[in-house]
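Residue-level listing of the chains:
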Amino acid sequence: MYTVIGNVRSRALRVLWMLEELGVEYDHIPALPRSAEIFEVNPLGKVPALLAGDQVLTDSVAILTYLADKHGALTFPAGTIERARQDALTHLVLDQFDALLWTAARHSFVLPKERRLPEIKDSLRWEFEQGEQLLAGALGDGPYLMGDTMTIADILLAHCLNWAVLAKFPVTEASLVEFAARMSTRPAFQRAVSREQA
């Protein structure tokens with residue numbers, strides 16, 4: 001049994017979605033960043049955290065990788081060329097989308113007001129647009145980044161594309177818009193998102 005700590009409107013959604021895809025039982029504590037619940041397990045106050053027995057795991061990508069490896073799903077085996085390609089795509093999503101969106105969030109509401117540079121968002125949107133072309137190319141003709149096999153890289157990409165819309169980062173590549181829409185119809189995604197209303 002796992003426990004996910006983190007609000008659905010955060011990177012915790014990635015972990016909730018993953019667990020739903022795996023069909024694994026879990027508990028959910030919808031804590032906000034820097035809340036008492038998260039500080040109890042993560043001194044940085046960041047969500048998500050995953051309680052796995054008496055162990056605490058933090059960082060959404062580390063958690064997804066752990067779950068994929070442990071349950072042998074949504075990943076290629078470690079030590080294979082396919083896994084190396086999957087990991088490269090995971091890092092591409094993190095570099096081209098996640099890092100830019102997080103920087104925009106930091107300069108919108110995370111940092112103290114006197115430390116924010118709102119004008120940086122124009123540059124971030126331009127970088128995001130360049131990243132769109134790279135990710136659209138990586139998506140190719142398959143339904144997933146790795147062709148016919150869904151992996152954690154797809155969860156990350158879909159989450160970032162949905163995040164981008166909320167952050168007012170236009171997604172203009174048609175293949176990415178279609179990918180995000182298709183991934184959002186997955187029953188596991190719908191169950192994870194519905195945790196917000198629970």
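Quick caveat: nothing in here was measured; it's all calculated off a predicted structure. (Residues numbered from 1 in each chain as written. Predicted model: local features only at pLDDT ≥ 70, side-chain atom pairs only at ≥ 80, totals over all residues. Heavy atoms only, no water.)

Trainee: Help me understand the packing of aromatic side chains in this model?
Mentor: By convention here, two paired aromatic rings are described through the distance between centres and the angle between planes. The final tally for this structure, using the stated rule, is three aromatic pairs. For the pair Trp 17 and Phe 189, a centre-to-centre distance of 4.9 Å together with 70 degrees between the ring planes defines the contact as edge-to-face. Here the residue Trp 17 occupies a position in helix H1 (residues 12–22), and Phe 189 occupies one in helix H8 (residues 187–193), the gap between them amounting to 172 residues. Of the two residues examined, Trp 17 and Phe 189, each falls in the buried class. Centroid distance Phe 97 to Phe 128: 4.3 Å. Interplanar angle 25 degrees. Geometry classified as stacked. Residue Phe 97 is located in helix H4 (residues 81–110), and its partner Phe 128 is located in helix H5 (residues 120–139); the two are separated by 31 residues in the primary sequence. No difference in accessibility class separates Phe 97 from Phe 128, as the two residues are buried. (Phe/Tyr/Trp six-rings, centres within 6.5 Å; stacked < 30°, edge-to-face > 60°. Helix = DSSP H or I, 4+ residues; strand = E, 2+ residues; numbered from the N terminus. Buried < 20%, exposed > 50% of the residue type's maximum accessible area, 1.4 Å probe, protein only.)

Trainee: When you look at the side chain of Ser 60 in this model, what are you seeing that I'm missing?
Mentor: Within the element layout of this structure, Ser 60 appears in helix H3 (residues 60–71). For Ser 60, the side chain forms a polar contact with the side chain of Arg 14, separated by 2.9 Å. In this structure Ser 60 touches Arg 11, Arg 14, Val 15 and Pro 48, once residues within four positions along its chain are discounted. (Polar contact = N/O pair within 3.5 Å; in protein donor to acceptor, adjacent residues only side chain to side chain. Contact = heavy atoms within 4.5 Å.)

Trainee: Sorry if this is basic, but what is going on with helix H6 (residues 152–166) here?
Mentor: An α-helical turn contains 3.6 residues, so any two residues separated by three or four positions project in the same direction. With 15 residues, H6 ought to run about 21 Å at 1.5 Å a step, and its terminal C-alpha atoms sit 21 Å apart, in line with that. What H6 keeps buried is the set Ile 152, Ala 153, Asp 154, Ile 155, Leu 156, Leu 157, Ala 158, His 159, Cys 160, Leu 161, Trp 163 and Ala 164. (Expected span 1.5 Å × (residues − 1).)

Trainee: What am I meant to see in the packing of H4 against H6 here?
Mentor: For any two helices packed against each other, the geometry comes down to the angle between their axes and how far apart the axes lie. Put simply, H4 and H6 touch, their axes get as near as 9 Å, and they point 15 degrees apart. As the angle between them shows, H4 and H6 are arranged roughly parallel. Pair H4 / H6 crosses with left-handed handedness. Touching Gln 86, Leu 89, Thr 90, Val 93, Phe 97, Asp 98, Leu 101 and Trp 102 of H4 are Ile 152, Ala 153, Leu 156, Leu 157, Cys 160, Leu 161, Trp 163 and Ala 164, all from H6. Taken together, the residues that form the contact of H4 with H6 break down as 13 nonpolar, two polar and one charged. (Axes fitted to C-alpha atoms, helices over the stretch in contact; angles between N-to-C directions. Parallel < 35°, antiparallel > 145°, perpendicular 65-115°, else oblique. Left-handed = near helix turned anticlockwise from the far one by under 90°. Nonpolar A, V, L, I, M, F, W, Y, C, P; charged D, E, K, R; others polar.)

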